[in-house]
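Analysis of the macromolecular model
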Amino acid sequence: NAGVTQTPKFRILKIGQSMTLQCAQDMNHNYMYWYRQDPGMGLKLIYYSVGAGITDKGEVPNGYNVSRSTTEDFPLRLELAAPSQTSVYFCASSSYRHGAAHTDTQYFGPGTRLTVL
Amino acid sequence: KQEVTQIPAALSVPEGENLVLNCSFTDSAIYNLQWFRQDPGKGLTSLLLIQSSQREQTSGRLNASLDKSSGRSTLYIAASQPGDSATYLCAVLAGGTSYGKLTFGQGTILTVHP
């Protein structure tokens with residue numbers, strides 16, 4: 001059971017380039033999330049998904065796109081990278097259980113450190 | 001909009017001290033509050049989860065309390081050790097139509113020196 005995995009661990013992009021951050025989970029969780037963490041700050045939600053084929057915007061979605069074709073995978077796409085997207089990106093997953101939502105927690109991947117120059 | 005604030009931003013203590021980290025939130029309509037630990041260059045590890053109906057949770061030397069009506073939580077660490085050095089993040093889980101969304105504080109960087 002690998003939990004939540006993310007690739008790559010590090011990446012340097014030039015302004016205007018595009019890339020996809022990969023995220024996969026093997027816990028059969030229905031909810032998946034993408035966060036970014038800027039230095040000295042907490043995590044901010046970019047996009048989330050409540051199941052395959054369903055995605056929605058979080059707090060800071062501009063400049064990003066997501067898709068969820070399977071339960072396991074939730075890739076994050078950066079189009080036209082900008083220096084403001086330099087950050088650490090975390091993927092997370094959780095399992096919504098009807099009637100037990102108060103005990104739900106999210107499981108986080110190790111993160112992808114992205115620098116845009 | 002939910003906002004979460006953590007005080008202090010950084011804390012440096014000698015080994016063996018008891019310490020308190022503070023977290024406040026603006027909207028009391030939450031499912032739960034969690035404390036996470038983040039080591040440098042690593043992901044987040046959940047330490048304690050307090051359900052909205054609970055007052056506190058304990059795990060080893062850690063004790064977290066929740067006062068939902070006043071929008072406050074504290075994380076108490078007893079007999080601190082150098083291995084406790086990390087960033088501690090507080091997060092609240094929204095309920096209702098915003099279910100599933102975690103709102104994080106900015107974290108407290110803890111350094112415990114021998």
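All of these numbers come straight from a predicted model, not from anything done at the bench. The residue numbering used here restarts from 1 in each chain and proceeds along that chain's sequence as written. Lettering of chains starts at A and numbering of ligands starts at 1, both following the order in which they are written. The predicted origin of the model limits local features to residues at a pLDDT of at least 70 and limits the giving and counting of side-chain atom pairs to 80 or more, whereas totals for whole chains, interfaces and linings rest on all residues. Side-chain numbers here rest on the full set of heavy atoms in the structure, without hydrogens or water.

Turning our eyes to something else, we now look at the nonpolar core. Soluble globular proteins tend to pack their nonpolar side chains together in the buried interior. For our purposes a nonpolar core is just a set of buried Ala, Val, Leu, Ile, Met, Phe, Trp, Tyr and Cys residues, chained together by side-chain atoms within 4.5 Å. Partly exposed describes any residue whose relative accessible area lies between the buried limit of under 20% and the exposed limit of over 50%, with all areas from a 1.4 Å probe on protein chains only and scaled to the type maximum. Counting residues in each nonpolar core, the largest one holds 22 residues, and the members touching the most others are Phe25, Leu33, Trp35, Leu75, Ile77, Tyr88 and Leu110 of chain B. Every element with two or more residues in this core is listed here: β3 (19-25), β4 (30-38), β5 (44-51), β7 (62-67), β8 (72-77), β9 (86-94) and β11 (108-113) of chain B. By definition, residues are in contact when any of their heavy atoms lie within 4.5 Å. Excluding its chain neighbours within four sequence positions, the residues that come into contact with Tyr88 of chain B are Gln6, Leu21, Phe36, Arg37, Leu47, Leu75, Ile77, Gly107, Thr108 and Leu110 of chain B. Core analysis: the next-biggest nonpolar cluster, separate from the first, contains 19 residues, Leu13, Trp34, Tyr47 and Leu78 of chain A among them. Secondary structure counts use DSSP, requiring at least four H or I residues in a row for a helix and at least two E residues in a row for a strand, with both numbered from the N terminus.

The next thing to look at is the environment of Asp104 of chain A. Residues and elements named next belong to chain A. Position of Asp104 relative to the elements: it lies in the loop between β9 (87-94) and β10 (107-108). Judged by its relative accessible area of 4%, Asp104 is buried. Placed 10 residues apart in sequence, Asp104 and Ser94 show a C-alpha to C-alpha distance of 7.1 Å.

This part takes up the state of the cysteines. All names here are of chain B. The term disulfide is used for any two cysteine sulfur atoms that are within 2.5 Å. Under the criterion given, the structure shown has 2 disulfides over all chains. Here Cys23 engages in a disulfide with Cys90; their sulfurs sit 1.9 Å apart. Negative torsions about the S-S bond denote left-handed disulfides, and the value of about -55 degrees found for Cys23 with Cys90 makes this one left-handed. Taken together, the positions of Cys23 in strand β3 and Cys90 in strand β9 put the pair 67 residues apart, joining distant regions of the chain. A relative accessible area of 0% places Cys90 in the buried class.

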